[in-house]
Amino acid sequence: MSDEQYPSGPVAGPAPAANSAPAPETNPGTAPEAGPAPDEVVARTPAALPGEPVTALAASLSDGEWHRLHPASPLLKGGIALLAIIGVIIANLRERLIEMFVPQAGYGAGDPIDLILESGYLLPAIGAVLAVLVVLVIGFYVSWRMHTFRITDEVVEVRSGVLFRTNRRARLDRIQGINIVRPVIARLFGAAKLEVNQAGQDANVKLEYLGSGAADDLRREILRLASGSRAVAQHGAAATTAEGSIVDRRLGEFLAPELDPNAAEPESVVKLSVGRLLGSIALSGGTIFLVLMIVAVIVTSIFASEALFGLIGVIPAALGIGTFYVQRFLKSLRYTIAGTPDGVRVGFGLLTTSNETLPPGRIHSVKVSQPILWRTTGWWEVKVNRAGHSSASGAAGQQNTTILPVGNLDDVRRVLGLVLPEFSAEEALAMAETGMIGRGTDDDGFANSPRRARVLRWFSWRRNGFAVGPGSVLLRKGKIWRELVIVPHPRLQSIALSQGPLQRRLSLAAVYLHTVAGPITAQLGAIDADTATAFFDDVAAAAVSASSTDTSHRWRSTEDA
Amino acid sequence: MSTRLDLPTLAWHRVSPKYLTAEFIGLAVTALVVAGATIPLHLFGWDYAWWATAAAVLAVLVYAAFTPRRIRAIGYVLRDDDLVFRKGILFQRFVAVPYGRMQLIDVNRGPLLRALGLSDLKFVTAAASTNVIIPGLPQHEADELRDHLVALAESRRAGL
């Protein structure tokens, strides 16, 4: 590895040469032979030049050498602030600008430029402005040059910083997810942010920014390397956007579907219509709150007619809820979910788009739940617990844990099949469905709470129960707020059994399935004490055997090349 | 009818009886602090200030009376593939942690425990709620257990 040669390594390739370098011929039929060859042609070109057909270069980004980010990165990261400053300056000088074109319009004396002109400091002032600009440009340039990354068979590594150097190296088999975010402005530049999520606080590796096509290709390459697959790399297989003018390409990228048809199934398995999205938001818990609040205001104004003070308290809350509605709506637009060989891909967003791949075995628990108002329409929401946390917020403005913002029973079945491979079988899906809508009978496959538990579970005691499904545990809860939690055995960290004094009098107990932290707590209370003890033993044994045979950290290592 | 939770087939390791001394000293300090907290009542000259002090100290004493049983209820077993931990009398809790799930082991010693030659051992997994802390192990036993658990985890390494 030539990492010691920095900065005179491959990354130092002369930029002008790249513009004239011929794009490698991409013929799918000869892809295996073409594998190693393009390295010599393209490996020495910078990561992505603006307007260049980046996708052809992307495969070489994962060749183990150091590469640089998109040249517009500093502008996209810090340049917005610079633009804002320039905007403020221009706004302040607008009267002078008007004066320039419309003489005698007259403007207030004593502005800074007048002072400079009168005291004869014109040259020093221009010099100072130029110096600042030069320093900024040099600073941006140096920070861009010093910010390099590489992807090897084992790790993804980033070096950055000028005065304070940082070097972050992440193991590929510990990747929890790869997220590509395209903020509006970056999309105009054809750039994208790629984020490799690792377990742990602030443990993500960010590549800000890459060429839009390069980011997609790089993600595929990282996933291929991480999967342990022995399949040969398909270099340049996705060079689809290489023709046409720059404007055409940008437009193409801007309007392109979030899921690359070459890498994913062309169709999202769930169609989320705008009507359903609006309906789901209108029927969400916030609405109940809003209605209760309005009722409260009306009641108070009837009984204490002089006190419209209630209204004052309501306005900010109503505004807050309204903002939440709009956020949730915009974030969930254009929602897609599809399966790829390297995991589930979830995309959403109208202007700022986000598209994340979760490799198999990275989902620690799944919750299918139904708020009460969704009962009438038969809608459900699916959330997951995961070890990595993307810095970008997900659908509905939450952390990227909502996998399905709203969907009907069929949608949930398809999503479950994607996130938990065991649940693509009809038998398992039938079990999950019983967990979702079953009323709770003796022979429905779930071990439910005994009748004496109705003291603790007034309405839901019939439904409150667990089942051991294929490679996972299912917990069914709630009569009014129906909920099903699925925890795959290989992701179980530990299991607990507990009993308080009240439960002891009733011969009941509670079980807890511990997974990584997230929106889901897999807990089931008020089940028969003996059943719970047996469950504790069984699941503890199943968790051990499942985790010893689990290969999902290198999810394709068992398949043939 | 009532059923107390138990896993009868397991031979529990209990914590050192010396740990009781540490707990009692700790409780004595707690009693002093609680009594001290009622000093302002005396300064204000409240009639029932002495009652308040007595009630506070009594609460600590009642808690102390159950401490021997509480400590006897703490136990752990090393099974073939996992560690089972139990604690609590009124609120019982059993936890089973597969060895391969270990992220790290903490061995902590406060000044009091060090004087008694004891240590606390904490088994940390990727789930915060696992919360397995075995208190009051003799120092050499804690170190041996730590090394043993680390070796077991190494031989059963799994992803997250």
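Below is a short write-up of the structure.

A few words on the overall build of chain B. Counting its regular elements, chain B contains five helices and seven strands. What you see in chain B, going N to C, is helices and strands ordered as β-α-α-α-β-β-β-β-α-β-β-α. Here chain B holds 160 residues, and 41% of them are scored as buried. Put simply, chain B shows about 8,800 Å² of open surface, and 64% of that area lies on carbon and sulfur atoms.

Turning to the pairing of strand E2 (residues 148-151) of chain A, a few remarks are in order. Residue and element names in this part refer to chain A. Side chains Thr148 and Arg150 of E2 all project onto a buried face; the interleaved residues Phe149 and Ile151 project onto the opposite face, where all are buried too. Here strand E1 (residues 67-68) runs beside E2; their pairing, made up of two bridges, is antiparallel. Across the sheet, the residue bridging to Arg68 is Thr148, located in E2. Where E2 meets strand E3 (residues 155-160), four bridges bridge the pair, whose relative direction is antiparallel. Considered in E3, the bridge of Phe149 is made with Val158. Between E2 and E3, which pair antiparallel one after the other, the connecting turn spans three residues.

Counting residues at the interface gives 30 residues for chain B and 33 residues for chain A. Between chain B and chain A, the buried area comes to about 2,600 Å², and carbon and sulfur atoms account for 56% of it. In terms of surface lost to chain A, no three residues of chain B exceed B:Leu5, B:Arg101 and B:Leu160, which account for 25% of the buried area on that side. Connecting chain B to chain A are one salt bridge. At the surface where chain B touches chain A, the tally comes to eleven residue pairs in polar contact (both at pLDDT 80 or more).

Another aspect to go through is unusual backbone geometry. Excluding glycine, residues mostly have negative phi values, and the peptide bonds linking residues are mostly trans. Residue and element names in this part refer to chain A. The residue after Glu208, namely Tyr209, is reached through a cis peptide bond having omega -10°. The backbone of Arg334 shows a phi angle near 55°, a positive value even though the residue is not glycine. By secondary structure assignment, the location of Arg334 is in the loop between helix H14 (309-332) and strand E8 (336-340). In this structure, Ser507 takes a positive phi of about 55° despite not being glycine. With respect to the helices and strands, the residue Ser507 is situated in the loop between helix H17 (501-505) and strand E19 (508-514). Under the relative-accessibility criterion, Ser507 is labelled buried at 1%.

Taking 1.5 Å per residue, 21 residues should reach 30 Å; helix H18 (residues 529-549) of chain A reaches 30 Å between its end C-alpha atoms and fits that length. For H18(A), the set of buried residues is A:Ala529, A:Ala532, A:Thr533, A:Phe535, A:Phe536, A:Val539, A:Ala540, A:Ala543, A:Val544, A:Ala546 and A:Ser547.

Turning next to the pattern of salt bridges. Per the counting criterion, the structure on display carries 27 salt bridges over all chains. Where A:Arg413 meets A:Glu426, a salt bridge forms, and the shortest distance between an N and an O atom there is 2.7 Å. With A:Arg413 in helix H15 (residues 409-419) and A:Glu426 in helix H16 (residues 426-437), this residue pair connects regions lying 13 residues apart in the sequence. The salt bridge partner of B:Arg109 is B:Asp143, with a shortest N-O separation of 3.3 Å.

What follows covers the packing of aromatic side chains. Applying the stated rule across the entire model yields seven aromatic pairs over all chains. Aromatic pair A:Phe466 and A:Phe535: ring centres 4.1 Å apart, planes at 45°, arrangement tilted. With A:Phe466 in strand E15 (residues 465-469) and A:Phe535 in helix H18, this residue pair connects regions lying 69 residues apart in the sequence. Exposure remark for A:Phe535: the relative accessible area of 3% places this residue in the buried category. Positioned over the ring face of B:Trp12 is B:Arg86, at 5.1 Å from the centre of the ring.

Right, let's get into the sheet that holds strand E14 (residues 447-448) of chain A. Residues and elements named next belong to chain A. A sheet is described by the order of its strands in space; here seven strands give the open sequence E13-E12-E11-E17-E16-E15-E14, paired in antiparallel fashion. Taken across any chain shown, the strands that pair with only one partner, and hence form the sheet edges, are strand E13 (402-407) and E14. Inspection of the sheet shows E14 paired to E15 by two bridges, in the antiparallel sense. Paired with Ala447 across the bridge in E15 is Phe466. Of the strands in this sheet, strand E11 (365-370), strand E12 (380-385), E15, strand E16 (472-477) and strand E17 (482-488) are in contact with H16, which crosses E17 at around 145°.

To continue, consider the pairing of E17(A). All names here are of chain A. Among the seven residues of E17, seven are classified as buried, and the element is accordingly described as predominantly covered. The two faces of E17 match: Arg482, Leu484, Ile486 and Pro488 on one face and Glu483, Val485 and Val487 on the other face are all buried. Judged from the five bridges that link them, E11 and E17 form a sheet pairing that is antiparallel. Its bridge partner being in E17, Gln370 is matched across the sheet by Arg482.

Rules used in this analysis
- Residues numbered from 1 in each chain as written.
- Chains lettered and ligands numbered in written order.
- Predicted model: local features only at pLDDT ≥ 70, side-chain atom pairs only at ≥ 80, totals over all residues.
- Heavy atoms only, no water.
- Helix = DSSP H or I, 4+ residues; strand = E, 2+ residues; numbered from the N terminus.
- Buried < 20%, exposed > 50% of the residue type's maximum accessible area, 1.4 Å probe, protein only.
- Areas by Shrake-Rupley, 256 points an atom, 1.4 Å probe, with all protein chains shown as cover.
- Pairing = 2+ DSSP bridges.
- Contact = heavy atoms within 4.5 Å.
- Buried area = accessible area lost by both parts, 1.4 Å probe.
- Salt bridge = Lys/Arg side-chain N within 4 Å of Asp/Glu carboxyl O.
- Polar contact = N/O pair within 3.5 Å; in protein donor to acceptor, adjacent residues only side chain to side chain.
- Expected span 1.5 Å × (residues − 1).
- Phe/Tyr/Trp six-rings, centres within 6.5 Å; stacked < 30°, edge-to-face > 60°.
- Lys NZ or Arg CZ within 6 Å of the ring centre and 35° of its normal.
- Axes fitted to C-alpha atoms, helices over the stretch in contact; angles between N-to-C directions.

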